[in-house]
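# Understanding the architecture of this molecule
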Amino acid sequence: MTGKDEAELSRLLRAAIAGDERAYADFLHRIAALVRGFIRRKIVQGGVDPEDIVQETLLAIHVKRHTWRPDAPVLPWIYAIARFKLIDAFRRRGRRIEVEIDEIAETFAEPETETVSERDINRALDGLPPAQRSVVSSISVDGQSIGETAAKLGISETAVRVSLHRGLAAIARRFGRTAT
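The protein goes by Sigma-70 family RNA polymerase sigma factor in an unreviewed UniProt entry, where it is assigned to Mesorhizobium argentiipisi. UniProt lists a comment for the protein under the heading Sequence similarities (unreviewed entry), and it reads "Belongs to the sigma-70 factor family. ECF subfamily."

Below, the structure written as structure tokens:
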């Protein structure tokens, strides 16, 4: 930054404080780029998002713009606010180390798929009365809907729901689980 840039930023902030919205927008646009570069140079490790700090800095400048003394240089004031916001972000992060999940994903075990043999299915269905066996098999094994099962078996959807619930409860009791 040159002395000319400092003078221009000071002029823009003075105009903004006086109520010039265009000057304020131009001021914020220019300092956002300065603050962004400053913050990115200070963050050497992850865990803190530079853009979050830039936004917090711009918000603080907006809220505290009345505290800037027009006879003082504007850049040291801006960089001081940015530095304090950076320190706040590091304090919030604490001593935690943040690791991207993609970096360690291959170390996780793959979930095992539970397979059920046809013999296990038949064993579970064998203890059911024929009507319940037809309903449970149609919905749980064949993947049909309650409406499709009711139409196929020629019974009401309510009867299908009752048979399904009773059949699943009987299977759960048979295998040592309680049904709800």
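Here we take up the overall build of the protein. Regarding its fold elements, the protein presents nine helices and zero strands. Secondary structure elements in the protein, listed N-terminal to C-terminal, are α-α-α-α-α-α-α-α-α. In the protein, of all internal contacts separated by at least 6 residues, the share reaching a separation of at least 24 is 55%. Per element, the accessible surface of the protein, about 12600 Å² overall, is 53% carbon and sulfur.

Across its 22 residues, helix α2 (residues 21–42) extends 31 Å between first and last C-alpha, which sits within 8% of the 32 Å expected from 1.5 Å per residue. Taken together, the buried positions of α2 are A23, Y24, F27, I31, A32, V35, F38 and I39. Within α2, the buried residues cover an arc of 165 degrees as seen down the axis, which keeps them to one side. Opposite its buried face, α2 presents the exposed residues R22, H29 and R40, each directed more than 90 degrees away. The opening residue of α2, the one whose side-chain oxygen lies 3.1 Å from the backbone nitrogen of R22, is D20.

With that settled, the discussion passes to the packing of aromatic side chains. Within the structure shown, the criterion is met by one aromatic pair. Taking the ring centre of Y24 as reference, the NZ or CZ of R65 above it sits at 5.3 Å. Between R83 and the ring centre of F84, over which it is positioned, the NZ or CZ distance is 5.1 Å.

Rules used throughout
- Residues numbered from 1 in each chain as written.
- Predicted model: local features only at pLDDT ≥ 70, side-chain atom pairs only at ≥ 80, totals over all residues.
- Heavy atoms only, no water.
- UniProt positions renumbered as here; feature names shortened; annotations may be inferred.
- Helix = DSSP H or I, 4+ residues; strand = E, 2+ residues; numbered from the N terminus.
- Contact = heavy atoms within 4.5 Å.
- Areas by Shrake-Rupley, 256 points an atom, 1.4 Å probe, with all protein chains shown as cover.
- Expected span 1.5 Å × (residues − 1).
- Buried < 20%, exposed > 50% of the residue type's maximum accessible area, 1.4 Å probe, protein only.
- Arc of directions from axis to C-beta.
- Polar contact = N/O pair within 3.5 Å; in protein donor to acceptor, adjacent residues only side chain to side chain.
- Phe/Tyr/Trp six-rings, centres within 6.5 Å; stacked < 30°, edge-to-face > 60°.
- Lys NZ or Arg CZ within 6 Å of the ring centre and 35° of its normal.

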